[in-house]
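Spelled out, the chains give:
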Amino acid sequence: MQLGVCYYPEQWPETLWADDARRMVELGITHVRIAEFAWSRMEPRAGVYEWTWLDRAVTTLADAGLKIVLGTPTASPPKWLVDSMPEMLPVRADGTTWNSGSRRHYDICSEPYRRECLRIVEAMAQRYGSHPAVIAWQTDNELGCHETVPSYSKAARARFQTWLARRYETVDNLNQRWGTVFWSMEYASFDAIELPNLTPTDANPIHLLDFRRFMSDEVTSFHREQVDVLRRYAPNADMLHNFMGFFTTFDHYRFAANNSIDVATWDSYPIARTEVIALSEEDKARYARTGHPDVSAFDHDRYRAIGQGRFWVMEQEAGPVNWAPWNPVPAPGMVRLWAYEAFAHGAELVSYFRWRQAPFAQEQMHSGLNLPDNTLSPGGREVARAAQEITQSDALTKLAQSGPAPRAEVALVFDYETQWMFEIQRHAKGFDYQTLAFEYYRTLREMALDADIVSAHADLSGYKLIVVPGLAALPAGFAKSVEQSSAQWVIGPRTGSKTADFAIPAQLPPGALQTVLPFKVLEVDSLRPTLQPTTTFNGVTGIALHWREHIETRDGLDVLARFDDNWPAIVARGHVRYASAWFDAALHRALLEGAARDAGLAVTHLPQGLRVRRRGEITFAFNFGATAVDAPAPDNARFVLGQRTLGTADVCAWIAA
Amino acid sequence: MQLGVCYYPEQWPETLWADDARRMVELGITHVRIAEFAWSRMEPRAGVYEWTWLDRAVTTLADAGLKIVLGTPTASPPKWLVDSMPEMLPVRADGTTWNSGSRRHYDICSEPYRRECLRIVEAMAQRYGSHPAVIAWQTDNELGCHETVPSYSKAARARFQTWLARRYETVDNLNQRWGTVFWSMEYASFDAIELPNLTPTDANPIHLLDFRRFMSDEVTSFHREQVDVLRRYAPNADMLHNFMGFFTTFDHYRFAANNSIDVATWDSYPIARTEVIALSEEDKARYARTGHPDVSAFDHDRYRAIGQGRFWVMEQEAGPVNWAPWNPVPAPGMVRLWAYEAFAHGAELVSYFRWRQAPFAQEQMHSGLNLPDNTLSPGGREVARAAQEITQSDALTKLAQSGPAPRAEVALVFDYETQWMFEIQRHAKGFDYQTLAFEYYRTLREMALDADIVSAHADLSGYKLIVVPGLAALPAGFAKSVEQSSAQWVIGPRTGSKTADFAIPAQLPPGALQTVLPFKVLEVDSLRPTLQPTTTFNGVTGIALHWREHIETRDGLDVLARFDDNWPAIVARGHVRYASAWFDAALHRALLEGAARDAGLAVTHLPQGLRVRRRGEITFAFNFGATAVDAPAPDNARFVLGQRTLGTADVCAWIAA
Amino acid sequence: MQLGVCYYPEQWPETLWADDARRMVELGITHVRIAEFAWSRMEPRAGVYEWTWLDRAVTTLADAGLKIVLGTPTASPPKWLVDSMPEMLPVRADGTTWNSGSRRHYDICSEPYRRECLRIVEAMAQRYGSHPAVIAWQTDNELGCHETVPSYSKAARARFQTWLARRYETVDNLNQRWGTVFWSMEYASFDAIELPNLTPTDANPIHLLDFRRFMSDEVTSFHREQVDVLRRYAPNADMLHNFMGFFTTFDHYRFAANNSIDVATWDSYPIARTEVIALSEEDKARYARTGHPDVSAFDHDRYRAIGQGRFWVMEQEAGPVNWAPWNPVPAPGMVRLWAYEAFAHGAELVSYFRWRQAPFAQEQMHSGLNLPDNTLSPGGREVARAAQEITQSDALTKLAQSGPAPRAEVALVFDYETQWMFEIQRHAKGFDYQTLAFEYYRTLREMALDADIVSAHADLSGYKLIVVPGLAALPAGFAKSVEQSSAQWVIGPRTGSKTADFAIPAQLPPGALQTVLPFKVLEVDSLRPTLQPTTTFNGVTGIALHWREHIETRDGLDVLARFDDNWPAIVARGHVRYASAWFDAALHRALLEGAARDAGLAVTHLPQGLRVRRRGEITFAFNFGATAVDAPAPDNARFVLGQRTLGTADVCAWIAA
């Protein structure tokens, strides 16, 4: 439970550095991230390194007692480098080449650029790898941001062909598994395969999916190449990358696998995120100054899994940002609240973006802990308060020093490939898998249940309730593990609807899950908003949205609810429930509540905007709502932070006596 | 009144073929279309033909007693061909070149590609032209689909220049008729003329119109070249092309002229079509599971004209499809209903797309008569029912064997060039000519009137009521034929508003029609939705939408209705009525009803969602509505199908005693 | 107070010319603009000039007594010229090259094209520069129209680099002032600098701003080069360019500086303009047939300043036009009203577009004073009436012969660079500076106040009330002049929020204005529409829209109103008021009314749709509203035009006795 900050010494007069470092420490900050955009200062001309300024910055910060996270500068290649290899620029889906002048102007598939990256990374690592204050390294910055991935370059095409050759071995095998007989798409060799853009109508879905898999692997290997260099020079430092919220361009589980990272760190901007994701207008309005109560939590829980228990917030918003359509000032208290929220979900560190608002260039309207005139910003003052509170509380200090958050009793499976498959084939406009997963997640949270978000490949033993909001292609053995599980399961629509080759399973959906749930999907009802099949379950009436399956049941299946036209809505066998549709919130709640109770979990219906999260013996409560509410603490609770009644943007924490 | 199906033997194990053929026949299917996407199987490498698999498929189907429609495979050129001549790829209006990877990735103006097409077509025709089971040939597939026409390629530019030189003979003539003196657009030679895309502001409308005329001719000649080859080898087979619904990229009358086709066949997807055309949200919601009751009828009637009485549905949807924003499951009964609807409008054959849903590739979410697990789909079961009903009814069997549907008493003129002209120059956002024509058509149908849809160049003698929803440029002699006609005429706005060179007529609109209707259009009132000029006609009050003309009347014209600001709304002289505006539904009905009664036609106001259609002595009734209604059969009707009271999606048919 | 018309003799048979000229004079027209699109007729082939037709046209018009405005034809280069230098075509932001086939198909940065322009201009000037009837020259046509400026060509890049080198002298200076250390954007030399398009995320705002400044200068120099040639041959003629309404692509003050023009002329299309600018749907509906009552006035007042008192309407709509989404017929009377409105605001001349509607080419749906059949159009008849009225009124005739309109008592500062800066950095979707300026302007007009629109660099002494709706970067000395002013000031949000280098001022906004208004802006609250901070001022309650500042006040500042969450809404010191937010109409009115009263100005609340404007001793009143209203004339007013009660689209004028 520590605090950090992002700092750009190269952007400020050197005369300010020592005072900045002193004030950081004074504020309670222990970690500082630097250097991730400073390539043009490290190497102003090809091969001419300038380390002395960075040496002095590192020394100044280290002397003040700060631990340093060094970023590799590969997200912003300098102009001289672009000019020496213009083919390194990324290419958009429409065939246009991106230009320099901002950041991320590189093709992740460019081998010449990758070599340049390893050169600058190795030079940095040689210089700072053994510095005792440099305790972690971050590669690049927000890989995949700004839609420069996928890149549709010639380099991408060549590497995609190689990737396909490795995956399929023979082109006949690819032709067969891709079904290229359809529309005469057959290939005579791997090098005949194009990228799947600019086709007059839909490209083959497996072509699109494999391209996304390939690009995910490209992101992963781009990072991994740097990590391999860094570990040679900094064997004891933590390896990091700062991921983003609600971001699914690459498979984060695969990215993190094989010790590619030591800690999952992510960039949390709850208010702007709330504005840009697919929430209802009502929710966007209600939470415009607080962020939706589950938006950051969702990624805290997701990145905790990705970091195998260890996660940080690398960039936490400290006030209004600059990149959403509207960027309101957070409600007073939110900057403090977000710090506790991260800790409650298990974060080791919350690091703010950024120390001081830059008055110039692209992010001048992005706030920091200090205003451009070097006085603490309103958000900075809230951070100071939180830091002081933690120091003054034995219980919080003890929690801050504890290890990873313990496992929850509920698991929610989130799968990146499912996201890709249903983006490629929404079939119903508005069907978005991550949004459906989020709907299930928020419903759990509204019932005061803590959840882990896990991979479909994770070991799920030990959980009492397992929620699968949808899982396009079942991993091998998944059906068997469902069958043998002692947990209660809630499985959503489209599960088992595809093979790994993006085909409909031979036995029809839900594929291998038919051994557990004896039914098959005859047809799929893609629902325009005016089509609202209605059903009632456990006394709750609601509708299907976006998607409904017409399922033919077989013996042994219980139909728990039917739609008004008699098609089954919820079916079950034993400990496994299946929702044949995307339901509205009321039905999702009824479905999950029944399963939770059967799993022996205590369900509390929280007032709107209130959320709780347990970590160890401490329970935190957060009020994102517009009105004051009481936290659901037991009568004998011992409050270690705040008090029972919470105004807007307030937080409290207690230990049950 | 026969049934067919689209089948892709190359996509299935050969072991299934015989069983498939047997089950087709068992279901009542007589025709099977194959091969139209199989180029890469017919010719896996340049010049290496593989016919044996197709020989076996043809034999298997023929042996089962099926009649075969062979499709030429030119809609999906194989990758080796594209790689050998990449300049054959089509170019988008924005200058980007389309890529392979789906279908229709060819430039229809590419002469090298056209040569390749004729080569493969001739090879096919040589092999199968005299096969007794091959009773028809279809060229390509859905020409113009996916907006690859127009193509903005260099080849298109060269051929467009040649086309212009043929049309205008001298460039001075072109300059004069195009009015290129405007904005200094004059050309010194035909080869200076560019394609009309990428201009900073509007291109010259006649430039745009001639480009559309040229492209229409390109589509026509692309087809015709293949037909000329095919007729040499298969002189007795029917020549076909499968057109699309609500599709106006080329002039279908000109396409079909000079025996270029023997039967007009088209692809009917009523639910998705209803979703994507310019209907009101209310109509889209009401008919989401049935399709709008006039959407397929409109094209049945249109293609009956284009085929000079002979038309088929080549692809009929048999369940949910995959290409609209939403793709709901049809209401139970609709698949059966659509079969009877097509027959009632005169179809010789209804052929389903497709025999079995493919579990892989682009159309895996498109249903067929069978599910991927080879059991009959819900739609397949309805087809089986309809087939059985027809067999069991003497009256329907007799009708099925009868010739083309007789002429209707009402004609509605639909003109492709008018569509192009008003797309090029909408002048009022939302003005769409085809939508206006459809509004007139649906109004006729709501009054239980059967209509023929005809070309402006057709012989219109014999009709009692002729509706011209708008006709930009009058054919020579049109005004005279109106004047001399014994029919009642209803003529809509913008008629006679342009010359064939896309100019305003010298005497102002309605141009030559001023001899019949003595008025001129002073100004045009392009109406934002909040501007709603009101008028009352025959006791019905309604408004103008999109478009209103300020007309100056002369002697001899009767003003039947005026707008609230005194401008004439409906004028007439003798048997000719003119609507000076696009009216709402109530006014259109009042206008048409008056004319129909004057024409001596019986008008019946049908309940919402109910439609009737006569063919010979049999009258069919179809219920697209949400509630049960009685068909308007006389008391002594003898029902040859179903009964008087129709639930949703039900159909009946009777003979008046 | 004279009338003109735009005429295209090259588009009509020469036999019509003399009659056209005669009828122009008969109608009361004194000026005729010709030739601005006739390059292909002046020079049909490279170097081959054809002047004789133009000689005859000039003679015909001059012989009829008309004064001639000659347009240089550079807005529509002929095809042979484009073919000889295709690199002269402009390039879009997405990298695509525009094509010929309409107009404005030239890159304003193309030096070869500029040379060609000077060649044709010099040839014209030699031939007609000394013709006594040619009293003015217009360069090109509507510079910047159709978004061909900015051009993103190679020529633009090269000239931009040169422009930057001139501005910054050294690249180090540029790097420092641009803050290129951010994201490693540093440049080693000026020729490394790219155009700021196609960046994966935001380009540096100062990079974007300098590019807009550069492009504004390019437009200016393009015009100026022609003027320099023209003045050599026509030293006594007025130099003109026809500007557009609500158009901010270049800085019109800088364009007009240094005698680059003698009269500011602009093109007034009030109905289409009302449709396409950011007005509420309610206003668009209300004024669909009249144009919004302040839309033309705003530009009359703006161009009066740009022409330093002298302005014309070069193109005035005479009926429905062709380029808006909807183009309704104006309410009867509006064409007459617009003429008086222009005169009331000080126009020397109102010239109509165009003499006769062209039946062919791109503008065939654009009306003129005559219909294509050469009878007067409805608008033409209104112009005839107005011309007759002026002739018959001594008072109006006298006014027509008077000099420029006297200065108003109210000034509203409008600044083009502010528009660019807030377009580059809206920060709140929907924040548009010109719209805010217009909101302040309409509020003044609803209170019956005449206003001058002025540059931030203008001498503002003598005004009683000065309104600054927002001014991103303060000119040097601006704060001091505010402080020392004897006027009342109303200053809007974002004023002083940026330096000229597009950075946040070191002391935070409002920068140098802190000496006058002692506060600083801590944070900016960018407001989605559902966020509506409320405040009450002078009994009026309203909300903030789009934008609100959280300001920290210091001693000496009065807080006149606070928002419901206690942040200051309106603050003041002495004669200077500051609005910390974009307010709704009610609050803007309360704010301005208070200031106007303190300034000693008489405020009258006009009924909806009524507007007044004084010129000399005459006051005009205009009714844009739907119902009849009385003009606010004193009881003893002597009416010199019309009468007190005004129906829709009516106008009256009086002299106070």
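The structure displayed is predicted, hence computed values, not measured ones. (Residues numbered from 1 in each chain as written. Chains lettered and ligands numbered in written order. Predicted model: local features only at pLDDT ≥ 70, side-chain atom pairs only at ≥ 80, totals over all residues.)

## A few points about the overall build of chain A
Here is step 1: Within chain A, the regular secondary structure consists of 19 helices and 25 strands.
Here is step 2: In terms of overall size, chain A behaves like a compact globule, its C-alpha atoms giving a radius of gyration of 25 Å where 657 residues would be expected to give roughly 26 Å.
Here is step 3: By principal-axis analysis of the C-alpha atoms, chain A measures approximately 75 × 75 × 40 Å.
Here is step 4: A buried classification covers 61% of the 657 residues belonging to chain A.
Here is step 5: For chain A, long-range pairs separated by at least 24 residues make up 70% of all intrachain contacts whose partners lie at least 6 apart in sequence. (Helix = DSSP H or I, 4+ residues; strand = E, 2+ residues; numbered from the N terminus. Rg over C-alpha atoms; globule rule 2.2 N^0.38 Å. Buried ≥ 20, exposed ≤ 12 C-beta atoms within 10 Å, placed from the backbone. Contact = placed C-beta atoms within 7 Å.)

## Regarding the interface of chain A and chain B
Quite often, the size of an interface is put as the accessible area lost when its parts meet.
Here is step 1: Every contact between the two is made by 43 residues of chain A and, on the other side, 47 residues of chain B.
Here is step 2: Taken together, the elements giving at least two residues each to the side of chain A that touches chain B come down to helix 8 (205–233) and strand 13 (519–526) of chain A.
Here is step 3: Looking at the side of chain A that touches chain B element by element, the count peaks at five residues for strand 13 of chain A.
Here is step 4: Here the side of chain A that touches chain B is composed, by residue class, of 21 nonpolar, 14 polar and eight charged. (Nonpolar A, V, L, I, M, F, W, Y, C, P; charged D, E, K, R; others polar.)

## Structural notes on the domain arrangement of chain A
Here is step 1: By domain assignment, chain A separates into domain 1 (2–149 + 219–400), domain 2 (410–598) and domain 3 (610–655).
Here is step 2: Using C-alpha coordinates to define each centre, domain 2 of chain A is positioned 32 Å away from domain 3 of chain A. (Domains from an automatic or database assignment.)

## Focus: the relation of the copies chain A and chain C
Here is step 1: Take chain A, turn it by 120°, move it 0.0 Å along the axis, and it overlays chain C with an RMSD of 0.0 Å. In the structure described here, the two chain copies are related by an operation that fits a three-fold rotation axis. If distances are taken from each C-alpha of chain A to the rotation axis, the shortest is found for Thr96 of chain A, at 5.4 Å. (Least-squares fit on C-alpha atoms with pLDDT ≥ 70 in both.)

## As for the sheet that holds strand 23 (residues 638–641) of chain A
For sheets, the rule is that strands pair by backbone hydrogen bonds, running either parallel or antiparallel.
Residues and elements named next belong to chain A.
Here is step 1: If you walk across this open sheet you meet the four strands as 20-21-25-23, and the pairing is antiparallel. Edge positions in the sheet fall to strand 20 (610–615) and strand 23, since each has one partner strand and no second. Here the strands of the sheet are splayed against their neighbours by 30° on average, with no regard to which way each runs.
Here is step 2: Pairing of strand 21 (residues 618–623) with strand 25 (residues 651–655) involves five bridges; the strand directions are antiparallel. Across the sheet, residue Ile618 finds its bridge partner in strand 25, namely Ile655.
Here is step 3: Across the face of the sheet, helix 13 (residues 334–344) comes into contact with strand 20, strand 21 and strand 25 while running at roughly 145° to strand 21. (Pairing = 2+ DSSP bridges. Axes fitted to C-alpha atoms, helices over the stretch in contact; angles between N-to-C directions.)

## Some points on the nonpolar core
Here is step 1: Counting 683 residues, the largest nonpolar core has Leu412 of chain A, Leu412 of chain B together with Leu412 of chain C as its most contacted members.
Here is step 2: With sequence-adjacent residues up to four places away left out, Leu412 of chain B is seen in contact with Ala437, Tyr440, Tyr441, Leu444, Ala451, Ile453, Val467 and Pro469 of chain B. (Core = buried A, V, L, I, M, F, W, Y, C linked by C-beta atoms within 7 Å.)

## A look at the packing of helix 1 (residues 14–27) of chain B against helix 3 (residues 52–63) of chain B
All names here are of chain B.
Here is step 1: Relative to each other, helix 1 and helix 3 sit at 30°, their axes nearing to 9 Å. By the angle class used here, helix 1 and helix 3 are roughly parallel. With respect to the hand of their crossing, helix 1 and helix 3 are arranged in right-handed fashion. The segment helix 1 lies against helix 3, with Trp17, Ala18 and Ala21 engaging Ala57, Thr60 and Leu61.
Here is step 2: Taken together, the residues of the contact of helix 1 with helix 3 sort by class into five nonpolar, one polar and no charged. (Parallel < 35°, antiparallel > 145°, perpendicular 65-115°, else oblique. Left-handed = near helix turned anticlockwise from the far one by under 90°.)

## Quick word on the interface of chain A and chain C
Here is step 1: Facing the 47 residues of chain A at the interface are 43 residues of chain C.
Here is step 2: For the side of chain A that touches chain C, the secondary structure elements donating two or more residues are helix 2 (39–42) and helix 4 (79–84) of chain A.
Here is step 3: Across the side of chain A that touches chain C, the residue classes tally to 22 nonpolar, 17 polar and eight charged.

## As for the sheet that holds strand 4 (residues 134–138) of chain B
All names here are of chain B.
Here is step 1: Taken in spatial order, the nine strands of this open sheet run 5-4-3-2-1-9-8-7-6, and their pairing is parallel. The outermost strands of the open sheet, each flanked by one partner alone, are strand 5 (238–240) and strand 6 (242–244). Neighbour-to-neighbour, the strand axes of the sheet open up by a mean angle of 25°, direction not taken into account.
Here is step 2: Inspection of the sheet shows strand 4 paired to strand 5 by three bridges, in the parallel sense. Within strand 5, the position partnered with Trp137 by the bridge is Met239.
Here is step 3: Of the strands in this sheet, strand 6, strand 7 (264–268) and strand 8 (311–317) touch helix 12 (residues 295–306), which is tilted by about 165° from strand 7.

## As for the UniProt feature "domain: Beta-galactosidase C-terminal" (unreviewed entry) in chain A
Here is step 1: Residues given the UniProt feature "domain: Beta-galactosidase C-terminal" (unreviewed entry) here are residues 609–651 of chain A.
Here is step 2: Across residues 609–651 of chain A, the secondary structure splits into 0% helix and 49% strand, with the terminal C-alpha atoms separated by 12 Å. (UniProt positions renumbered as here; feature names shortened; annotations may be inferred.)

## Re the UniProt feature "domain: Beta-galactosidase trimerisation" (unreviewed entry) in chain A
Here is step 1: Sites flagged by UniProt as "domain: Beta-galactosidase trimerisation" (unreviewed entry) map to residues 408–601 of chain A.
Here is step 2: End-to-end, the C-alpha atoms of residues 408–601 of chain A are 11 Å apart, and along that stretch the chain is 23% helix and 31% strand.

## Things to note about the packing of helix 13 (residues 334–344) of chain B against helix 14 (residues 378–392) of chain B
Residues and elements named next belong to chain B.
Here is step 1: With their axes 8 Å apart at the nearest point, helix 13 and helix 14 run at an angle of 45° to one another. Taken together, the axes of helix 13 and helix 14 are oblique relative to one another. When the axes of helix 13 and helix 14 are compared, the crossing they make is right-handed. Taking contact as the criterion, the partners of Val335, Arg336, Ala339 and Tyr340 in helix 13 are, on helix 14, Gly379, Glu382, Val383, Arg385 and Ala386.
Here is step 2: For the contact of helix 13 with helix 14, a count of residues per class yields five nonpolar, one polar and three charged.

## Describing the environment of Tyr287 of chain B
Here is step 1: Structurally, Tyr287 of chain B can be placed in the loop between helix 11 (281–286) and helix 12.
Here is step 2: Sequence separation of Tyr287 of chain B and Gly609 of chain B is 322 residues, and the distance between their C-alpha atoms is 8.6 Å.

## A word on helix 1 of chain B
All names here are of chain B.
Here is step 1: In this model, helix 1 (14 residues) spans 21 Å end to end at C-alpha, consistent with the 20 Å of a helix rising 1.5 Å per residue.
Here is step 2: Within helix 1, the full set of buried residues consists of Asp20, Ala21, Met24 and Leu27.
Here is step 3: Of the surrounding elements, those touching the buried residues of helix 1 are strand 1 (2–6), strand 2 (29–34), helix 3 and helix 14.
Here is step 4: At the exit of helix 1 stands Gly28, carrying a positive phi of roughly 105°. (Expected span 1.5 Å × (residues − 1).)

## Quick notes on the pairing of strand 16 (residues 540–553) of chain B
Residues and elements named next belong to chain B.
Here is step 1: As paired elements, strand 14 (residues 519–526) and strand 16 share seven bridges and run antiparallel to each other. Opposite Ser526, over in strand 16, you have Trp547 as the bridge partner.
Here is step 2: Taken together, the four bridges between strand 15 (residues 534–537) and strand 16 define a ladder with antiparallel strand orientation. Across the sheet, Phe537 pairs through a bridge with Val540, a residue of strand 16.
Here is step 3: Taken together, strand 15 and the strand that follows it, strand 16, pair antiparallel across an intervening segment of two residues, in which Asn538 is found at a positive phi of about 50°.
Here is step 4: Looking at chain direction, strand 16 and strand 20 (residues 581–583) are connected through three bridges and run antiparallel. Looking across to strand 20, one finds that Leu545 is bridged to Trp582.

## Here we look at the environment of Asp217 of chain A
Residue and element names in this part refer to chain A.
Here is step 1: Locating Asp217 in the fold gives a position in helix 8.
Here is step 2: By C-beta crowding, Asp217 is classed as partly exposed, having 18 other C-beta atoms within 10 Å.
Here is step 3: Counting along the chain gives 197 residues from Asp217 to Asp20, while the straight-line C-alpha distance between them is 40 Å.

## A few points about helix 5 (residues 111–128) of chain C
Residue and element names in this part refer to chain C.
Here is step 1: The end-to-end C-alpha distance of helix 5 is 25 Å, a good match for the 26 Å that 18 residues give at a rise of 1.5 Å each.
Here is step 2: All of the buried residues along helix 5 are Tyr113, Arg114, Glu116, Cys117, Ile120, Val121, Met124, Ala125 and Tyr128. Down the axis, helix 5 shows its buried residues gathered within 165° of arc, on one side only. Looking at helix 5, the residues exposed on the side facing more than 90 degrees away from the buried face are Glu111 and Arg115. (Arc of directions from axis to C-beta.)

## Considering unusual backbone geometry
Here is step 1: That bond from Phe353 of chain B to Arg354 of chain B is cis: its omega, 0°, falls within 30 degrees of zero.
Here is step 2: Turning to its location among the elements, Arg354 of chain B is positioned in the loop between strand 9 (349–353) and helix 14.
Here is step 3: Residue Pro150 of chain C follows Val149 of chain C across a cis peptide bond; omega there is 0°.
Here is step 4: Looking at the secondary structure, you find Pro150 of chain C in the loop between strand 4 (134–138) and helix 6 (154–168).

## As for the pairing of strand 20 (residues 610–615) of chain C
Here is step 1: Extensive coverage of strand 20 of chain C is indicated by the burial of five of its six residues.
Here is step 2: Once strand 20 of chain C ends, the chain turns through two residues before running back antiparallel as strand 21 (residues 618–623) of chain C, passing Gly616 of chain C with a positive phi of about 60°.

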